[in-house]
Amino acid sequence: MRAVNFCAGPCTLPLPALQEAQAEFVDFKDSGMSLIEMSHRSPEYEAVHTDAIDRLRRLLSVPDEFEVLLLQGGASLQFAMVPLNLLEGETPAGYVVSGSWGKKALADATHHGGAYAAWDGASHSFTRMPASDEIDVWPGSRYLHVTSNETIHGVRMVEWPDTDVPLVGDMSSDYMSRPIPWERFDVVYGGAQKNLGPAGLTVVFVRRATLEGTRRDLAAYLRWDIHADKNSLYNTPPVFAIYMMGKVLAWVESEGGLPAMENAARARADRIFRVIDESDGYYRSPVDPASRSLMNVVFRLPDEDSEARFLAEAEQRGFLNLKGHRSVGGIRASMYNAMPMSGVEALASFMDSFR
Ligand SMILES: *Cc1c(COP(=O)(O)O)cnc(C)c1O
């Protein structure tokens, strides 16, 4: 039996994608070898590579002005590559510090250039996103960095900041669950392990015009322009992760694409928030209703003993990984694209009966 896995990442993936990979694993397309034993310059792998990039472009309606880069190092390496590629000297760059991830992105950027907090939600315990007019973008800023969804605090940026400065977005935890307003962004990036596939792959979109101005005095792997010139085959790419992402994206397409993912995400989150909101205060969400995440629903019970009992009983019923991040405690139900509504309904009934 498959567990109902609410893990924040790596997370549940579509069963058909896993089963297809299992069937093809040992002998890939009658080649006599596994895909992971094959040259990344082979025609078989090239087809996998191209297919994955094409599906990303199609599903996210990526304009031709953007390059698609398939990299390693996670979103965390992009915390460094963004400022390394875009900043010179003391060029300022604003960061919306909306939670743990935005904070880490800023901390890394302070080593390169004049990165500053354009807004800091720490004083609100990261329970909401800023309104546009609360964000203080300094004149001459190269970009404003935003985190579309703070995975740990369960806070989502519903409205993109209204600013003249180009946006750079970490969309790790809500990739492929909402449209991306490309005209606002120079760079969008995210680790694959929350909605796109397994860990080990990072998907970066960079505007071609931006690449003309990126720094060249960096080690080769750190240069976006090199990866773009080499179609993400500068060095050995994470072939298995890219292959798995292709399978996941094929499943997304078969389910109705991005609009279907967005509707399903809203239905899942609404269902759990309904239980919370109708629990007479037994379950409490610390998050401002206007900033509620559709992917990571965080909530508290009246006390930590009840939370521990909730987690233990949930686990007995096959609801796994509901413990909140160790830095914030409480409960977190992460419900990414592959989480079926049946799993959410089952959790909702359990929450009602537990109360
Ligand atoms: C998980 C996550 C990261 C870190 O991703 P890695 O791929 O593990 O480096 C960064 N930002 C957000 C919003 C995340 O959810």
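Scroll up a little and you will see the structure.
About the thresholds
- Residues numbered from 1 in each chain as written.
- Predicted model: local features only at pLDDT ≥ 70, side-chain atom pairs only at ≥ 80, totals over all residues.
- Heavy atoms only, no water.
- Near = heavy atom within 4 Å.
- Polar contact = N/O pair within 3.5 Å; in protein donor to acceptor, adjacent residues only side chain to side chain.
- Helix = DSSP H or I, 4+ residues; strand = E, 2+ residues; numbered from the N terminus.
- Nonpolar A, V, L, I, M, F, W, Y, C, P; charged D, E, K, R; others polar.
- Pairing = 2+ DSSP bridges.
- Axes fitted to C-alpha atoms, helices over the stretch in contact; angles between N-to-C directions.
- Contact = heavy atoms within 4.5 Å.
- Phe/Tyr/Trp six-rings, centres within 6.5 Å; stacked < 30°, edge-to-face > 60°.
- Parallel < 35°, antiparallel > 145°, perpendicular 65-115°, else oblique.

(A) Here's a closer look at the site of the ligand. Taken together, 13 residues are adjacent to the ligand, and S76, T151, D170, Q193 and K194 come closest. A distance of 3.0 Å is found between an oxygen atom of the ligand and a backbone nitrogen or oxygen belonging to A75. Here D170 contributes a side-chain N or O atom positioned 2.6 Å from a nitrogen atom of the ligand. Sort the elements by how many residues they give to the shell around the ligand and helix α3 (residues 74-86) lands first, with four residues. For the shell around the ligand, the residue count by class is three nonpolar, eight polar and two charged.

(B) Inspection of the sheet that holds strand β2 (residues 66-71) at higher detail. On the basis of which strands lie adjacent, the open sheet formed by seven strands has the order β2-β10-β9-β8-β5-β3-β4 and mixed pairing. On the outer flanks of this sheet lie β2 and β4 (114-120), each paired with one strand and no other. For this sheet, the mean inter-axis angle between neighbouring strands, taken without regard to orientation, is 20 degrees. The sheet strands contacting α3 are β2, β3 (92-97), β8 (167-170), β9 (185-191) and β10 (202-207), and the helix crosses β9 at an angle near 155 degrees.

(C) View of the packing of aromatic side chains. Under the definition given, this model contains 20 aromatic pairs. Cluster of aromatic residues (ring-pair linked, three or more members): F6, Y282, Y283, F299, F310, F319, F350 and F354.

(D) Summary view of the packing of helix α8 (residues 257-277) against helix α10 (residues 341-354). Look at α8 against α10: their axes get within 10 Å of each other, and the N-to-C directions meet at 5 degrees. Taken together, the axes of α8 and α10 lie roughly parallel to each other. Residue-level contacts link A267, R268, R271, I272, V275 and I276 of α8 to M341, V344, E345, L347, A348, M351 and D352 of α10. Grouping the amino acids of the contact of α8 with α10 by side-chain chemistry returns nine nonpolar, no polar and four charged.

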